[in-house]
Amino acid sequence: QEYTAVKMKVLEWSEKGKDIVAGKVPENANVYFLPATLRPETMYGQTCCFVGPKLDYGIFKVSETEYLFCSDKAARNMAFQSVFPEWGVFPKVASLQGSDVVGTLVNAPLSVHKDGVRILPMDSVKDTKGTAVVTCVPSDSPDDFATIRELAKKAEFYGIKKEWAELEIVPIIETPSLGNLAAPALVEKMKINSPKDVKQLAEAKEIAYKEGFYQGKLIYGEFSGKPVSEAKLLVKQQLIDSGDAFNYAEPDGVVMSRSG
Ligand code: ZZB
């Protein structure tokens, strides 16, 4: 699987996150949350970034001024893809749980939300896939839309501020049959009530992928008017050229079977 790893720079740590990184990461260094995405063309619509609250993560040192936040497994893979200076080495400077970093404010490259977005919890994030960090695009990902709706509904239960889950959802891709907010349209049409409706969500995701890729057209940003199939590569290249992303390949079936 070939992902785009997007670099979301920490602007302000959560309380717990701040305590944990103190003394482990130099004050003037940047730490980047590292979601792995297959949809770089949707980055304009990012409204938050998800971690699994119960999953284990690490902060890994690239240089004196640059550190990455992701799963151990992803860091290990990256160590063999020239992400770290020394081949096969991924120096871990801190261990954290997803719940420790909920509330952290990060920059979301290309997003309409220029003041940054929050790290929020998502129970369905798998630590076996990608980087175990998932950027949230509720306009085009049914899972993301269902999750932020749930978070806003039960903000107190999830230990977050309601407004963190209520950033504006801007239309970025137009499709003939699902309009310009494919994910909310599917969630409504299929009567998906919560992130626990996993079967319907899997189906909705499949439809959203197909519809977006084969029929979708960008209606936001520099590549507005271009078909998604074309814009995908253009946006990805732009993110790489600006230093906001890099290619991350996930070796297939090495450690775990990918039946899911
Ligand atoms: C942004 C985005 C915008 C995504 C969208 C999807 C969609 P796949 O096909 O199963 O490999 N993802 C990445 N890592 C994880 C993880 N560890 N646990 C749970 N979800 C994860 O899925 C790849 C997509 O699943 C990735 O692309 C990421 O979300 C999420 F509009 O990034 B995506 C219709 C989907 N739309």
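Each remark here, short or long, concerns the structure printed above.
I will try to describe carefully the structure that is included in this document. The structure presented is a predicted model; accordingly, all values stated were derived computationally and were not measured.

### As for the packing of helix α4 (residues 142-153) against helix α6 (residues 182-189)
Turning to step 1, where the next piece is worked out: Across the interface, α4 lies against α6 with an axial gap of 8 Å and an inter-helix angle of 75°. By the angle between their axes, α4 is roughly perpendicular relative to α6. Side by side, α4 and α6 meet where Pro 142, Asp 144, Phe 145 and Ala 146 of the first sit next to Ala 183, Pro 184, Leu 186 and Val 187 of the second.

### Points about the site of the ligand
Turning to step 1, where the next piece is worked out: Around the ligand, the structure places 20 residues, and the nearest of them are Thr 37, Gly 130, Asp 140, Ser 141 and Ala 208.
Turning to step 2, where the next piece is worked out: Contributions of two or more residues to the shell around the ligand are made by β4 (36-37), β11 (133-136) and α7 (198-215).
Turning to step 3, where the next piece is worked out: At 3 residues, the largest contribution of residues to the shell around the ligand is made by α7.
Turning to step 4, where the next piece is worked out: A breakdown of the residues in the shell around the ligand according to their chemical character gives 8 nonpolar, 7 polar and 5 charged.

### Digging into unusual backbone geometry
Trans is the common state for peptide bonds, and a negative phi is the common state for residues other than glycine.
Turning to step 1, where the next piece is worked out: The residue Leu 110 is not glycine, and still its phi comes out positive at about 75°.
Turning to step 2, where the next piece is worked out: Inspection of the secondary structure puts Leu 110 in the loop between β9 (105-106) and β10 (117-121).
Turning to step 3, where the next piece is worked out: Here Lys 191, not a glycine, exhibits a phi torsion of approximately 55°, which is positive.
Turning to step 4, where the next piece is worked out: Along the chain, the position of Lys 191 falls in the loop between α6 and α7.
Turning to step 5, where the next piece is worked out: By C-beta crowding, Lys 191 is classed as exposed, having 8 other C-beta atoms within 10 Å.

### Comments concerning the sheet that holds strand β7 (residues 66-70)
By way of backbone hydrogen bonds, the strands of a sheet pair with one another, either parallel or antiparallel.
Turning to step 1, where the next piece is worked out: What the 9 strands build is an open sheet, ordered β8-β6-β7-β3-β2-β9-β10-β5-β11; its pairing is mixed. Both outer strands of the open sheet, β8 (92-97) and β11, are each paired with one neighbouring strand and no more.
Turning to step 2, where the next piece is worked out: Where strand β5 (residues 48-51) and β10 come together, 4 bridges link them in parallel fashion. Residue Phe 50 lies in a different strand from β10, and its bridge partner there is Leu 120.

### Quick word on α7
Turning to step 1, where the next piece is worked out: In a regular helix each residue adds 1.5 Å, so 18 residues correspond to 26 Å; α7 covers 25 Å between its end C-alpha atoms and thus fits that length.
Turning to step 2, where the next piece is worked out: Within α7 the residues assigned to the buried category are Leu 201, Ala 204, Ala 208, Glu 211 and Gly 212. Here the buried residues of α7 occupy an arc of 100° about the axis, which is enough to place them on one side. Away from the buried face of α7 by more than 90 degrees, exposed residues Lys 199, Ala 202, Glu 206, Lys 210 and Tyr 214 are located.
Turning to step 3, where the next piece is worked out: Residues of α7 that are buried make contact with α4, β12 (173-174), α6 and α8 (228-241).

### Looking at the nonpolar core
Turning to step 1, where the next piece is worked out: In this structure, Phe 33, Cys 48, Cys 49, Phe 69 and Leu 120 are the most contacted members of the largest nonpolar core, which totals 74 residues.
Turning to step 2, where the next piece is worked out: Among the elements that line this core, the one with the most residues is α6, at 5 residues.

### With respect to the pairing of β7
Turning to step 1, where the next piece is worked out: Taken across its 5 residues, β7 has 4 buried, putting it largely inside the fold.
Turning to step 2, where the next piece is worked out: Where strand β3 (residues 30-33) and β7 come together, 4 bridges link them in parallel fashion. Residue pairing across strands places Val 31 opposite Tyr 67, the latter belonging to β7.
Turning to step 3, where the next piece is worked out: In this sheet, β7 lies alongside strand β6 (residues 56-63) in antiparallel orientation, the contact comprising 5 bridges. Note on β7: the bridge partner recorded for Ser 63 is Glu 66.

The rules behind the values
- Residues numbered from 1 in each chain as written.
- Predicted model: local features only at pLDDT ≥ 70, side-chain atom pairs only at ≥ 80, totals over all residues.
- Axes fitted to C-alpha atoms, helices over the stretch in contact; angles between N-to-C directions.
- Helix = DSSP H or I, 4+ residues; strand = E, 2+ residues; numbered from the N terminus.
- Parallel < 35°, antiparallel > 145°, perpendicular 65-115°, else oblique.
- Contact = placed C-beta atoms within 7 Å.
- Near = placed C-beta within 6 Å.
- Nonpolar A, V, L, I, M, F, W, Y, C, P; charged D, E, K, R; others polar.
- Buried ≥ 20, exposed ≤ 12 C-beta atoms within 10 Å, placed from the backbone.
- Pairing = 2+ DSSP bridges.
- Expected span 1.5 Å × (residues − 1).
- Arc of directions from axis to C-beta.
- Core = buried A, V, L, I, M, F, W, Y, C linked by C-beta atoms within 7 Å.

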